[in-house]
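If you want the building blocks of each chain, they are given just below.
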Amino acid sequence: MKPLLDRQALKNKVIAFLARREYSRAELVLRLKSKSESPDVLENVLDELEASGYQSDRRFAEMFIRNRLGQCWGGERIRYELRQKGICKSLTSELLQEQSPDWDLLARTLVEKRFGETLAVDLKEQAKRLRYLVNHGFSYDQAQRALKTDLP
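What counts, and at which threshold
Residues numbered from 1 in each chain as written. Predicted model: local features only at pLDDT ≥ 70, side-chain atom pairs only at ≥ 80, totals over all residues. Heavy atoms only, no water. Helix = DSSP H or I, 4+ residues; strand = E, 2+ residues; numbered from the N terminus. Rg over C-alpha atoms; globule rule 2.2 N^0.38 Å. Buried < 20%, exposed > 50% of the residue type's maximum accessible area, 1.4 Å probe, protein only. Contact = heavy atoms within 4.5 Å. Lys, Arg positive; Asp, Glu negative; His and termini not counted. Charge placed at Lys NZ, Arg CZ, Asp CG, Glu CD. Axes fitted to C-alpha atoms, helices over the stretch in contact; angles between N-to-C directions. Parallel < 35°, antiparallel > 145°, perpendicular 65-115°, else oblique. Left-handed = near helix turned anticlockwise from the far one by under 90°. Nonpolar A, V, L, I, M, F, W, Y, C, P; charged D, E, K, R; others polar. Polar contact = N/O pair within 3.5 Å; in protein donor to acceptor, adjacent residues only side chain to side chain. Patch = residues over 30% accessible without salt bridge, like charges linked within 9 Å, V, L, I, M, F, W, Y side chains within 5 Å. Areas by Shrake-Rupley, 256 points an atom, 1.4 Å probe, with all protein chains shown as cover. Salt bridge = Lys/Arg side-chain N within 4 Å of Asp/Glu carboxyl O. Phe/Tyr/Trp six-rings, centres within 6.5 Å; stacked < 30°, edge-to-face > 60°.

Participant: Where do I start with the overall build of the protein in this structure?
Facilitator: Assigned secondary structure in the protein consists of 9 helices and 0 strands. Secondary structure elements in the protein, listed N-terminal to C-terminal, are α-α-α-α-α-α-α-α-α. On C-alpha atoms alone, the protein measures out to a radius of gyration of 20 Å, which is more than a quarter above the 15 Å that the 2.2 N^0.38 rule sets for 152 residues. With the C-alpha coordinates of the protein rotated into their principal frame, the extents come out at 60 × 35 × 25 Å. Counting every position in the protein, which comprises 152 residues, the buried fraction comes to 38%. Summarising the internal contacts of the protein: among those between residues at least 6 apart in sequence, 61% fall at separations of at least 24. Here the protein holds 28 positive side-chain charges and 23 negative ones, and the gap between their average locations is 6 Å.

Listed below in structure tokens is the structure:
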């Protein structure tokens, strides 16, 4: 079994993680809680790095949202994934409002990327496309508008 990390080694480990990409605080806790001497030491290190500006949940969430919007993910999926990464609902809502994405345009872009310009030939194909968009985090109404369908 590997020895547990002391305060300085833990701090170096967190900085090494953050040098590669942004992490939420909850992700860092999850990754490092088993390597730390105690949960309090880890919390103190994370508090210090947050105060120094090395780690920021806001910066992580901004980057995450920009990335997901670039991949044409819907709002519900983005909210869900950020909740899984420990980002509070209020911060997520605030940042999504700041970005103010055109969800209908994103949904249409995703449909064109995935299915091309062709319209669905039957109800089964329409339902498949609708499920695809809903699974990508778009609301049922956004998906319908993107597909230009009148499914019940």
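On we go from here.
Participant: When you look at the packing of helix α5 (residues 75-84) against helix α6 (residues 89-99) in this model, what are you seeing that I'm missing?
Facilitator: Any two packed helices are characterised by how steeply their axes cross, that is the angle between the axes, and by the distance between the axes. Remark: α5 packs on α6, axes separated minimally by 10 Å, with the N-to-C direction vectors making an angle of 140°. With respect to each other, α5 and α6 are oriented oblique. Crossing of α5 over α6 shows right-handed handedness. In this structure, α5 contributes I78, R79, L82 and R83 to the contact, and α6 contributes K89, T92 and L96. Taken together, the residues of the contact of α5 with α6 sort by class into 3 nonpolar, 1 polar and 3 charged.

Participant: How should I be thinking about the side chain of Q55 in this particular structure?
Facilitator: Mapping Q55 onto the fold places it in the loop between α3 (39-51) and α4 (57-70). At a separation of 2.9 Å, a polar atom in the side chain of Q55 contacts the side chain of D57. Leave out the neighbours within four places in its chain, and Q55 touches L18, Y23, S24, R25, L28, L49 and E50.

Participant: Could you clarify how one ought to interpret a positive patch on the surface in this entry?
Facilitator: Together, K13, R20, R31 and K35 make up a positively charged patch on the protein surface. Locating R31 in the fold gives a position in helix α2 (residues 25-32). The exposure class assigned to R31 is partly exposed, which follows from its relative accessible area of 40%.

Participant: What's the story with the packing of helix α1 (residues 7-20) against α2 in this structure? I'm lost.
Facilitator: Axis separation between α1 and α2 bottoms out at 12 Å; the angle between their running directions is 125°. The orientation of α1 with respect to α2, classified from their angle, is oblique. In this structure, α1 meets α2 at a crossing whose hand is right-handed. Contacts from L10, K13, V14, F17 and L18 in α1 reach L28, R31 and L32 in α2. Broken down by class, the residue content of the contact of α1 with α2 amounts to 6 nonpolar, no polar and 2 charged.

Participant: What am I meant to see in the packing of aromatic side chains here?
Facilitator: Where two aromatic rings form a pair, the distance of their centres and the angle of their planes describe that pair. One pass over the structure, following the stated rule, counts 3 aromatic pairs. Here the aromatic rings of F17 and Y23 are separated by 5.6 Å at their centres, their planes lie at 50°, and the arrangement is tilted. Given a relative accessible area of 8%, F17 falls into the buried group. Using a relative accessible area of 5% as the deciding quantity, one classes Y23 as buried.

Participant: Help me understand the pattern of salt bridges, please; the structure alone is not making it clear to me.
Facilitator: Two side chains bearing opposite charge may form a pair once their charged atoms approach each other closely. Scanning the entire structure with this criterion turns up 16 salt bridges. A salt bridge links R25 to D47; the shortest N-O distance between them is 2.6 Å. Taken together, the residues span a long stretch of sequence, with R25 in helix α2 and D47 in helix α3 at a distance of 22 residues. Across the pair K85 and E27 runs a salt bridge whose closest N-O atoms are separated by 3.2 Å. With K85 in the loop between α5 and α6 and E27 in helix α2, this pair connects stretches of sequence that are 58 residues apart. Judged by relative accessible area, which is 25%, K85 ranks as partly exposed. Each of the salt bridges in this network shares a partner with another, and the network as a whole consists of R25, E43, D47 and E50.

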